[in-house]
Amino acid sequence: MTTPALLPLSGRRIPTLSPGGASSFPHHRATLRLSEKFILLLILSAFITLCFGAFFFLPDNSKHKRFDLGLEDVLIPHIDSPKEGKHAPGQVVIHGQGGHDEHRHREEEESLRDKIRADHERALQEAKEKLRKSREELQAEIQTEKNKVMEDLKKKDAGPKPLPPVPMPKVVGVSDGEPPETDAKEKRDKIREMMKHAWDSYRQYGWGHNELKPLAKKGHSTNIFGNSQLGATIVDALDTLYIMGLHEEFKDGQEWIEQNLDFGVVFKLKAVQLAEKLLPAFNTPTGIPWAMVNLKSGVGRNWGWASAGSSILAEFGTLHMEFVHLTYLTGNPAYYQKVMHIRKLLAKMDRPNGLYPNYLNPRTGRWGQHHTSVGGLGDSFYEYLLKAWLMSDRTDTEARKTYDDAIEAIERHLIRKSNGGLTFIGEWKNGHLERKMGHLACFAGGMFALGADGSPDDKAGHYLQLGAEIAHTCHESYDRTVLKLGPEAFKFDSGLEAVAVRQNEKYYILRPEVIETYWYMWRFTHDPKYRQWGWEAAQAIDKYCRVSGGFSGVKDVYSSNPTYDDVQQSFFLAETLNPRMQCSFIGSRPLAPPPVSDITLTSR
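Now for a look at the structure at hand. (Residues numbered from 1 in each chain as written. Predicted model: local features only at pLDDT ≥ 70, side-chain atom pairs only at ≥ 80, totals over all residues. Heavy atoms only, no water.)

### Here's the deal with the sheet that holds strand β16 (residues 436-438)
Heads up, the rule is: For two strands to be treated as a pair, DSSP must find no fewer than two bridges joining them. Numbered from the N terminus, helices here are DSSP runs of H or I no shorter than four residues, and strands are runs of E no shorter than two. In this analysis an axis means a line fitted to C-alpha atoms, helices contributing only their contacting stretch, and an angle means the value between N-to-C directions, from 0 to 180 degrees.
One open sheet holds the three strands; their spatial order is β16-β17-β18, and the pairing between them is antiparallel. Two strands in the sheet have a free side with no partner beyond their single neighbour: β16 and β18 (496-499). Ignoring which end each strand starts from, the neighbouring axes of this sheet average 15 degrees apart. Alignment of strand β17 (residues 489-493) against β18, held across three bridges, turns out to be antiparallel.

### What to know about helix α13 (residues 460-479)
The following threshold applies: Any helix carries an expected span of 1.5 Å times its number of residues minus one. When accessible area is computed with a 1.4 Å probe and restricted to protein chains, residues below 20% of their type maximum are described as buried, those above 50% as exposed, and intermediate ones as partly exposed.
Here α13 is 20 residues long and its end C-alpha atoms lie 29 Å apart, about the 28 Å a rise of 1.5 Å per residue gives. Every buried residue of α13 is listed here: Y463, L466, G467, A468, I470, A471, T473, C474, H475, E476, S477 and Y478.

### A short note on the state of the cysteines
Rule in force here: Two cysteine sulfur atoms make up a disulfide if the distance between them is within 2.5 Å.
Counted according to the given criterion, the structure contains one disulfide. Two residues, C442 and C474, share a disulfide whose sulfurs are 2.1 Å apart. The chirality of the disulfide connecting C442 with C474 is left-handed, given an S-S dihedral of about -95 degrees. Here C474 lies in helix α13 and C442 lies in the loop between β16 and α12 (444-450), a separation of 32 residues in the sequence. Just as C442 is buried, C474 falls in that class too.

### So, the nonpolar core
Generally speaking, nonpolar side chains in soluble globular proteins are found buried as a group. The cut-off we apply is this: To qualify as a nonpolar core, a set must consist of buried Ala, Val, Leu, Ile, Met, Phe, Trp, Tyr and Cys residues joined through side-chain atoms within 4.5 Å. Here a residue-residue contact requires only that any non-hydrogen atoms of the pair lie within 4.5 Å.
In this structure, M437, F448 and I541 are the most contacted members of the largest nonpolar core, which totals 103 residues. Ranked by residues supplied to this core, first place goes to helix α15 (residues 528-544) with eight residues. Setting aside residues up to four positions removed in sequence, I541 forms contacts with M194, L485, Y508, L510, I515, R546, F551, F572 and T576. Among the nonpolar cores identified, the runner-up in size contains five residues, and M292, A306, I312 and Y359 belong to it.

Right under this line is the structure:
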């Protein structure tokens, strides 16, 4: 059979093939029928396959691209069956340099060449067969493909497979009843009323939006949530509503999530849907996820300001606990494998002074700017290592050791005592310690106390004392302001201690970290000062941040007449007003949870 010659695309007459292979040129028109255009596309597809297929399929060095991590070569995971000599999808394989590997690689390359040849022959044969078919046959095939696509879409719309039942763990420390002290009950009820004011305002003015503008009395969203309205305040507030016994409010939020929170099609089912949409973020050369991912297309990217497109330690560290728990809930190991891969990769990397920099490039596997912080950009990584160990019933010793090693380096290089005797956690920037502590870093006081039990070398007392010193320093940052609310960051040099210097560091946006540390210290020591400090913070928030439409952050905690920022952050309901404040600072026991029958979505 003769092969038709291809004319330039600008030509107006296209050769057609008769069943015998002879070509003829129609002269009666200059336009193309639909069937002729389809045939042209088939021919072009065959040509592209023949000419450029090798470019994509022939083996080359990129198949075995290495990331220079200073130790063994970590290869990009291949997708093979887990047979002997192979490895399962997503598994990181460390190859040696022996002759056995070289021989196996040659065999793989030869096998790949054979596959390419067979694919080319098959593609060419399919193209020839298509060209022999009549217009009616081609239309019938096209309609069949359309029907197949429609069937696939219907299957997707049918919803995900039912998740396996998982027993609900027994919640330790939750009991019914009222605190014996009248004063404690009144304070607890006051904070519960603050929560109701924040929720009711959001319910009235910002329902379904990510956050609330309490002065403008309308919904609010920032780029931290992407371009979507995901009802972040509703999702964040549910646990607080549940434990505070605000049953009707909880049900409102539950119903909104079930009916409106759409990830392409709560709770457990919605969490799995979201996780599936997040998985494409891990499709990077190293397996370190992007900071952001388009939920529709699966395309990921990083923040432009993050050290030449790096991923952020706190962000991919935050995924650890959630993804491990998702594997427990669903029985799907994919979530666990993704975050364990991150842990193993980090373990093989060199770390400056034993510290984890805040930036890691997901393409190259190299650290970005050498900036280490226990506050913003780094905090959650350390917190969730410790909590992963606790959630595993202390069996995840790898997480515990990683935490202990990191804290040892932090204590050696970042923790200092000021001239006035205040212990603070600075930030390491390119070999220099900046004597500044952020509000976000104040959570570490509670973390040190939480990790004291189980610390190496009988240092439990040491870390409990360190937690107490951090709590004292952060309380001073509050006490040295006019509003008795802490600034975003405060310095320890030039004669100033625990005081913000720059105007853009004097704001308070309803953050919870200081209150969180008070809670841990109260729980571990029962020193009444921590409960009192928590109540003082609650009073200051109610006095200076409360407005008719909710609660707002303030721009200057050193001003007696502060300006509002007009944002009620979603974490204010999730963390700051969480029962850690409502129960533990001012009462001895949480409110009774609603009956299990009222929360069937959480256990399905």
